[in-house]
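A look at the structure
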Amino acid sequence: MSRIQLALNVSNLDDSVAFYSKLFSVEPAKRRPGYANFAVTEPPLKLVLIENNNQAGTLNHLGVEVETSNEVSAAEQRLNSKGLETETENRVSCCYAVQDKVWVSDPDNAPWEIYKVLDDAATFGRTQANTPASACASCGS
């Protein structure tokens, strides 16, 4: 099952977790300092909250979580064949997870990622060189 990811910048993580827990009737799937994510069943949504006082109330990034790394590769090929510029990251540690992902930006530079979570990670920031600019902004690194 694929699901849309919505990553929001929030001013107060505790208040936001309380609000979204009530809104979607679900507790966070992962909670770390300055970060929380929810795996919402209905509607199918991965909601990510990133504490960022400077940009609270704004979009951080969007994404589609897929089930396999092959789906990430297929998405990259499809997007490239449609003339869209992509940036790929394999086994990158970001947002407390190790992921394979491909990034693309919409006409207004809103960053979208199509990604597969491979494993949990102990840190929020990036641990891979040559990180796309959109990705750095997304995880606050």
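This text follows the structure it describes.
Conventions used here
Residues numbered from 1 in each chain as written. Predicted model: local features only at pLDDT ≥ 70, side-chain atom pairs only at ≥ 80, totals over all residues. Heavy atoms only, no water. Core = buried A, V, L, I, M, F, W, Y, C linked by side-chain atoms within 4.5 Å. Buried < 20%, exposed > 50% of the residue type's maximum accessible area, 1.4 Å probe, protein only. Helix = DSSP H or I, 4+ residues; strand = E, 2+ residues; numbered from the N terminus. Phe/Tyr/Trp six-rings, centres within 6.5 Å; stacked < 30°, edge-to-face > 60°. Salt bridge = Lys/Arg side-chain N within 4 Å of Asp/Glu carboxyl O.

1. What about the nonpolar core?
One finds Leu8, Val10, Leu13, Val17, Tyr20, Ala36, Phe38, Val40, Leu45, Leu47 and Leu49 forming the largest nonpolar core, which totals 11 residues. Mapped by element, the contributors of at least two residues to this core are strand 1 (3-10), helix 1 (13-24), strand 3 (35-40) and strand 4 (45-51). With 8 residues, the next largest nonpolar core counts Ala7, Tyr35, Cys94 and Phe124 among its residues.

2. Observations regarding the packing of aromatic side chains
Under the definition given, this model contains 5 aromatic pairs. Each ring, one from Tyr20 and one from Phe24, has its centre 6.3 Å from the other, and the planes form 15°; the classification is stacked. Of this pair, Tyr20 and Phe24 are both found in helix 1, 4 residues apart, which corresponds to roughly one turn of the helix. Its relative accessible area of 21% is what places Phe24 among the partly exposed residues. Judged by centre distance (5.7 Å) and plane angle (50°), the ring pair of Tyr96 and Phe124 falls under tilted. Of this pair, Tyr96 sits in the loop between strand 6 (87-94) and strand 7 (97-105) while Phe124 sits in the loop between strand 8 (111-120) and helix 3 (133-139), and the two are 28 residues apart along the sequence. Overall, Phe124 belongs to the buried group, its relative accessible area being 19%. Put simply, the rings of Phe19, Tyr20 and Phe24 pair up and form one aromatic cluster.

3. Digging into the pattern of salt bridges
Going through the model one piece at a time under the given rule, you end up with 6 salt bridges. For the salt bridge of Asp120 with Arg32, the shortest nitrogen-to-oxygen distance reads 3.1 Å. Taken together, the residues span a long stretch of sequence, with Asp120 in strand 8 and Arg32 in strand 2 (residues 30-32) at a distance of 88 residues. Given the relative accessible area of 28%, Arg32 is considered partly exposed. The salt bridge partner of Lys101 is Glu113, with a shortest N-O separation of 2.7 Å. With Lys101 in strand 7 and Glu113 in strand 8, the pair connects residues that are 12 residues apart, well separated along the chain. Glu113 carries the same exposure label as Lys101, and that label is buried. Linked by salt bridges that have partners in common, Arg3, Lys46 and Glu65 make up one network.

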